[in-house]
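An overview of the molecular structure
What follows is the residue order along each chain.
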Amino acid sequence: MVICRTKDYNDLSRKAANIIRAQVILKPDCVLGLATGSSPVGIYQNLVKWHQKGDLDFSKVSSINLDEYRGLRPDNDQSYRYFMDTNLFNHINIDKAHTFVPNGLEEDPKKACSNYDQIIESMGGVDLQLLGLGHNGHIGFNEPSNVFPSGTHCVDLAPSTIEANKRFFASEADVPRQAYTMGIRSILLAKKIIMVVSGEGKAEILKKVVCGPITPEVPASVLQLHRDVVIVADEAALSKF
Ligand code: GLP
């Protein structure tokens, strides 16, 4: 595990975006595993800026996202499809037909998950997986539990996740209670993983992720087993080290 310490969120966003930029330049037809949440927003702003300057070409890139709320339409402004479109895809030259997010409208969880696993499989592997970190140690929507789930599955969101994510919704009651998420095995199969962590509120959990035991109670701790992980974190997030 490599830890890249940054001064603040802007510095973190630029450094993490540079890793993605290098990936796209070195392998123009790469598969990017993408994430939502507030942490990657600055990264996407940098990628858009560099694309608009003519420095970055996404025409051959494919992407696969980690998760989606169950029951939200793609045009709902809280869906992760909408997030990806408005924060990144609408502003770069990626072919949207090559961007994938779980289908939140598929009511049958088995079907939604097996369809997504087939898509992941057909893409032939993720070159670079971007991750944020939940306050409870979740990655994607893999919540703390007593097992590491393998493939895409439907999860009941933890009360702490509903609490953390209610800031994006009109009220807590509007936060969906379930989501479809890529499993831990699929995440670990990525060739390279970059996790971005910002702010003092994540300092305690980040210490557990990096230095604590590998346990499904702290899902991101499984990253200790991957051979190529870079954690890009600001000083506030690293304040407990
Ligand atoms: C959400 C997403 C995760 C994200 C996490 C942290 O629940 N499902 O993929 O990493 O929250 O979000 P934030 O970066 O806003 O703290």
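In what follows, the structure referred to is the one given above.
Now for a quick tour of the structure. (Residues numbered from 1 in each chain as written. Predicted model: local features only at pLDDT ≥ 70, side-chain atom pairs only at ≥ 80, totals over all residues. Heavy atoms only, no water.)

**Concerning the overall build of the chain**
Note the following rule: Strands here are runs of E lasting at least two residues and helices are runs of H or I lasting at least four, both read from the DSSP assignment and numbered beginning at the N terminus. Note on exposure labels: buried denotes an accessible area under 20% of the residue type's maximum, exposed denotes more than 50%, and partly exposed covers the range between, all computed with a 1.4 Å probe on protein chains only. Any two residues whose heavy atoms approach within 4.5 Å at even a single point are treated as in contact. Exposure was quantified through the Shrake-Rupley algorithm and a 1.4 Å probe, taking into account, for residues, occlusion by the shown protein chains and nothing else. In this tally Asp and Glu are treated as negative and Lys and Arg as positive; neither His nor the chain ends contributes. For charged residues, the charge sits on one atom: NZ in Lys, CZ in Arg, CG in Asp, CD in Glu.
Broken down by element type, the chain carries seven helices and 10 strands. C-alpha extents for the chain along the principal axes are approximately 45 × 45 × 35 Å. Looking at the chain residue by residue over its 241 residues, the buried ones come to 51%. Sequence separation of at least 24 residues holds for 80% of the intrachain contacts in the chain that already meet a minimum separation of 6. For the chain, the exposed surface amounts to about 10,800 Å²; the carbon and sulfur share of it is 50%. One way to put it: in the chain the 26 positive side-chain charges average out to a point 5 Å from where the 28 negative ones average out.

**Some thoughts on helix α1 (residues 9-26)**
For clarity, the threshold we go by: Expected span of a helix: the number of residues minus one, times 1.5 Å. Under this definition, polar contacts are N or O atom pairs within 3.5 Å; protein pairs additionally need one hydrogen-donor-capable and one acceptor-capable atom, and for neighbouring residues in sequence, both atoms have to be side-chain atoms.
Between its terminal C-alpha atoms α1 stretches 26 Å, which fits the 26 Å expected from 18 residues at 1.5 Å a residue. Buried within α1 we find D11, L12, S13, A16, A17, I20, Q23 and V24. Put simply, D8 is the residue that caps the front of α1, since its side-chain oxygen is 3.2 Å from the backbone nitrogen of N10.

**Comments concerning the pairing of strand β2 (residues 31-34)**
For the record, the criterion: Only strands joined by at least two bridges in the DSSP assignment are considered to pair. Here the term right-handed applies to a crossover when the path leading from its first strand over the helix to its second strand runs clockwise, the strands being oriented away from the viewer.
Residues V31 and G33 point to one face of β2 and L32 and L34 to the other, with burial holding for every one of them. Note: β2 against strand β3 (residues 62-65), four bridges, orientation parallel. Each residue of the ladder has a partner; that of G33, found in β3, is I64. With helix α2 (residues 41-52) bridging β2 and the parallel β3, this β-α-β connection has right-handed handedness.

**Some points on the sheet that holds strand β1 (residues 2-6)**
By way of backbone hydrogen bonds, the strands of a sheet pair with one another, either parallel or antiparallel. Strand order in the open sheet formed by seven strands is β1-β10-β9-β6-β2-β3-β5, and the pairing between neighbours is parallel. Every other strand in the sheet has two partners, leaving β1 and β5 (99-100) as the edge strands with one partner each. Bridge analysis of strand β9 (residues 192-197) against strand β10 (residues 229-234) gives five bridges, and the strand direction is parallel. Pairing of V196 across the sheet is with V232, part of β10.

**Let's talk about the site of the ligand**
For the record, the criterion: Here, proximity means that at least one heavy atom of the residue falls within 4 Å of the molecule or strand. Polar here means any residue other than Ala, Val, Leu, Ile, Met, Phe, Trp, Tyr, Cys and Pro, which are nonpolar, and Asp, Glu, Lys and Arg, which are charged; Gly is therefore polar.
The local shell around the ligand holds 14 residues, among which S38, S39, D67, R167 and K202 are the closest. The contact in question runs from a nitrogen atom of the ligand to an N or O atom on the backbone of G140, over 3.2 Å. Take R167: an N or O atom from its side chain is 2.8 Å from an oxygen atom of the ligand. Computed on the free molecule, the ligand has an accessible area of 390 Å², of which 97% lies beneath the protein chains in the complex. Along the lines of polarity and charge, the residues of the shell around the ligand split into three nonpolar, eight polar and three charged.

**Topic: the nonpolar core**
As a rule of thumb, nonpolar side chains are buried together in soluble globular proteins. Rule in force here: Joining through side-chain atoms within 4.5 Å is the link that ties buried Ala, Val, Leu, Ile, Met, Phe, Trp, Tyr and Cys residues into a set, and such a set is a nonpolar core.
Judged by nonpolar contacts, the single largest core of 59 residues is most densely connected at I43, Y44, L47, L88, I139, M195 and L206. Setting aside residues no more than four positions away along its own chain, I139 makes contact with L131, G132, I184, I187, M195, P219, A220, V222 and L223. Counting 10 residues, the second-largest nonpolar core is a separate cluster that includes Y69, L72, F169 and A179.

**A few points about the pattern of salt bridges**
Rules: Criterion for a salt bridge: a side-chain nitrogen of Lys or Arg within 4 Å of a carboxyl oxygen of Asp or Glu.
Taken as a whole, this structure holds 10 salt bridges when the rule is applied. The salt bridge partner of K27 is D127, with a shortest N-O separation of 2.9 Å. You can see K27 sitting in the loop between α1 and β2 and its partner D127 sitting in the loop between α4 (109-122) and β6 (128-131), a full 100 residues away along the chain. The partly exposed category is assigned to K27, whose relative accessible area is 32%. Note on D127: relative accessible area 6%, which makes it buried. A salt bridge links K96 to D85; its shortest N-O distance comes to 3.6 Å. Remark: D85 occurs in helix α3 (residues 80-87) and K96 occurs in the loop between α3 and β5; sequence separation between them is 11 residues. Accessibility expressed as a relative area gives 37% for K96, which makes it partly exposed.

**Describing the packing of aromatic side chains**
The geometry of an aromatic ring pair comes down to the distance between the two centres and the angle between the two planes. In plain terms, the rule: Pairing of aromatic rings covers Phe, Tyr and the six-membered ring of Trp, with a centre-to-centre limit of 6.5 Å; geometry is then stacked below 30 degrees between planes, edge-to-face above 60, and tilted otherwise. The criterion is that NZ of a Lys, or CZ of an Arg, lies within 6 Å of the ring centre and within 35 degrees of the ring normal, and then a charge sits over that ring.
Summed over all chains, the structure comprises five aromatic pairs. Centroid distance Y44 to F83: 6.4 Å. Interplanar angle 70°. Geometry classified as edge-to-face. Taken as a pair, Y44 in helix α2 and F83 in helix α3 lie far apart in primary sequence, 39 residues in all. Taken individually, Y44 and F83 each receive the classification buried, so the pair is uniform in this respect. Aromatic pair Y80 and F141: ring centres 5.9 Å apart, planes at 15°, arrangement stacked. A residue pair is termed long-range when its members are at least 10 positions apart, and Y80 in helix α3 and F141 in the loop between β6 and β7 (153-156) qualify at 61 residues. Aromatic rings pair up to connect Y69, Y80, F141 and F169 into one cluster. Positioned over the ring face of W50 is R21, at 4.0 Å from the centre of the ring.

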